[in-house]
Amino acid sequence: MFEEKPRGVALWQPVKTLYPLTLFFMALTGFGQMPIYNRYYMSDIPGLGWLADFYITRNIHYIGAVVLLGLASYVALDFILSRRRQARLSASGWVRAALLTAIVFSGGLIVIKNFPYVHLSDGCIIALDLFHLAAVMAFLTANLVCLIAKKEWKIFSQK
Amino acid sequence: MSASISRRMFLKSGLGAAAAAAASAVPGAHALAAADDRGYLATLIDIRKCIGCEACVEACREANAAKFPEPAKPFPKMYPPRVKVSDWSEKRDVSDRLTPYNWLFIQHTTVKLNGEDTELTLPRRCMHCVNPPCVKLCPWGSAKQLENGISRIDADICLGGSKCKNVCPWDIPQRQTGVGLYLKLLPSLAGNGVMYKCDRCYDRIARGEQPACIDACPEGVQTIGPRKDIIAQAHAIAKEIGGYIYGETENGGTSTLYVSPVPFEELNRAIPKGDGVPHLDPVHDAMADANNLATAMVIAPVAGIAAAAAQFLKTRRRAK
């Protein structure tokens, strides 16, 4: 499927582990912003009572956002600087990158909205919340499809 | 050796400088410093003057009757079985706690004042926080904060998930099952009704009138005005009587300031507390923990970019 990976371009192993882990906790705590875990017994599972604590899930979601922003910046610049000659984004890579960007951008606006004295119009807040949710659902779906279909996000050039 | 030290130091000091610049640019950071200059309305409640006549409670009900829920029964069955039905429609006269039909009530307490057992009464309702968790954390945007600081729940949009009540330090919003938008979506699986609470008679204020509870009070217990002025007034009274203030800094600041001749710890010990009967506990700023993390969100991309740049330089140096 791909050419043998050139030396020195494998992504730093911690990044490859941290990224799916961060996405998992972001999705878990993100969905936890809706009052569903208590209703549907998930927070009854021993050790998972914190899932029903909106402040805990919010803090973890914010911490995850910090990690995700750091990771995304690192991977983006690393890709541009080191890999462009040897690899490029696949079509599914572009789709996932665009969706992640939409999630991060809308999430950032929600963070700003949550500061004191910040007022957005009613319609704007609802649209923002729904856009963030829709982008997340699309992103998770895209990742699932790519996982099942074994689609890579990067394609190594022939050399 | 000296070349690699200076590159590390360059990256470290550059990162530090960038982080400092980024942190100072966090939106809202300077807004916190100018807390009282935003045109928010606040209410001062002088507990000394309240006689517990409940004129305010009656006035609130009358003024807001059109907003009260009229549920259609039977309610759609909700799943799973643990989903609680909140039905106050047959108990509309309950006035000793907050309900969807009673947005203001009088809290009674007996404390020692000047050595004598004295009953003090105080009207309790939504505190209208400066940064209201009910508004900011609603996942759908059903709760809104107006430009004058009033927070209200839009009954046309609210699904009754009760998160607002959960995140409110005083558990203020009250749910009525069987009304609202959830009935048109997936009433068995999502939503539960609509949440109700004091909306500071925002519609009366928009017409230039006062909230109904203030108009009705025969003793002048409540005063409404710009938050800055109300805070100054509260401090002046507290200083004059050697009294105490509640609501100025609780939860990061609210727009409801109580002034009491006895410490609020004493009042809090004496009042019954529970669902619909809010406490007078000290309350830390519930929104601040995560909001403070926003600074790290600005620094994180800088760190990521710096790490990638360092990696690139290292790889290039090795290739040479």
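Before reading further, recall that the structure is shown in the block above.
Scoring rules and cut-offs
- Residues numbered from 1 in each chain as written.
- Chains lettered and ligands numbered in written order.
- Predicted model: local features only at pLDDT ≥ 70, side-chain atom pairs only at ≥ 80, totals over all residues.
- Pairing = 2+ DSSP bridges.
- Helix = DSSP H or I, 4+ residues; strand = E, 2+ residues; numbered from the N terminus.
- Axes fitted to C-alpha atoms, helices over the stretch in contact; angles between N-to-C directions.
- Expected span 1.5 Å × (residues − 1).
- Buried ≥ 20, exposed ≤ 12 C-beta atoms within 10 Å, placed from the backbone.
- Contact = placed C-beta atoms within 7 Å.
- Nonpolar A, V, L, I, M, F, W, Y, C, P; charged D, E, K, R; others polar.
- Core = buried A, V, L, I, M, F, W, Y, C linked by C-beta atoms within 7 Å.
- Parallel < 35°, antiparallel > 145°, perpendicular 65-115°, else oblique.
- Left-handed = near helix turned anticlockwise from the far one by under 90°.

Student: Which parts of the structure should I look at to understand the sheet that holds strand S9 (residues 244-246) of chain B?
Tutor: One key point about sheets: their strands pair by backbone hydrogen bonds, in either a parallel or an antiparallel sense. All names here are of chain B. The mixed open sheet is built from 4 strands, whose spatial order is S8-S1-S10-S9. Every interior strand has two partners, whereas the edge strands, strand S8 (222-226) and S9, have only one. Strand-to-strand twist in this sheet, taken as the mean axis angle between neighbours without regard to direction, amounts to 25°. Across 5 bridges, strand S1 (residues 41-46) lies against S8 in antiparallel orientation. Directly across from Ala42, in S8, lies its bridge partner Gly225.

Student: Looking at this model, I keep getting lost on helix H4 (residues 122-148) of chain A. Mind explaining?
Tutor: Since there are 3.6 residues in each turn of an α-helix, residues three or four apart along the chain are aligned in direction. Residue and element names in this part refer to chain A. Between its first and last C-alpha, H4 extends 39 Å over 27 residues, near the 39 Å set by a 1.5 Å rise per residue. Residues of H4 that are buried include every one of Ile125, Asp129, His132, Ala135, Val136, Phe139 and Asn143, and no others. Where H4 is buried, its residues contact helix H1 (13-31) and helix H3 (91-113). Just past H4, the residue Lys150 takes up positive phi, approximately 55°.

Student: Where do I start with the interface of chain A and chain B in this structure?
Tutor: Reports often express the size of an interface as the amount of accessible area lost when the parts come together. Each partner contributes to the interface: chain A provides 38 residues, whereas chain B provides 43 residues. Elements supplying a minimum of two residues to the side of chain A that touches chain B: helix H2 (54-83), H3 and H4 of chain A. For the side of chain A that touches chain B, the element with the most residues is H2(A), which contributes 18 residues. The class makeup of the residues in the side of chain A that touches chain B is 24 nonpolar, 8 polar and 6 charged.

Student: What should I look at first to understand the nonpolar core in this one?
Tutor: Generally speaking, soluble globular proteins have nonpolar side chains that are buried together. Among the nonpolar cores identified, the biggest contains 59 residues, and B:Leu104, B:Cys164 and B:Leu257 are the most heavily contacted of them. When residues in this core are grouped by element, the largest group, 4 residues, is from S1(B). Membership of the second largest hydrophobic core comes to 20 residues, among which are A:Tyr62, A:Val66, B:Ile299 and B:Ala308.

Student: What's the story with the packing of H3(A) against H4(A) in this structure? I'm lost.
Tutor: In a packed pair of helices, the relevant descriptors are the angle between the two axes and the axis-to-axis distance. Residues and elements named next belong to chain A. One way to put it is that H3 packs onto H4 with a least axis distance of 9 Å and a crossing angle of 150°. Classified by the interaxial angle, the pair formed by H3 and H4 is roughly antiparallel. Pair H3 / H4 crosses with left-handed handedness. Contacts from Ser92, Val95, Arg96, Leu99, Leu100, Ala102, Ile103, Ser106, Gly107, Leu109, Ile110 and Lys113 of H3 reach H4 at Ile125, Leu128, Phe131, His132, Ala135, Val136, Ala138, Phe139, Ala142, Asn143 and Cys146.

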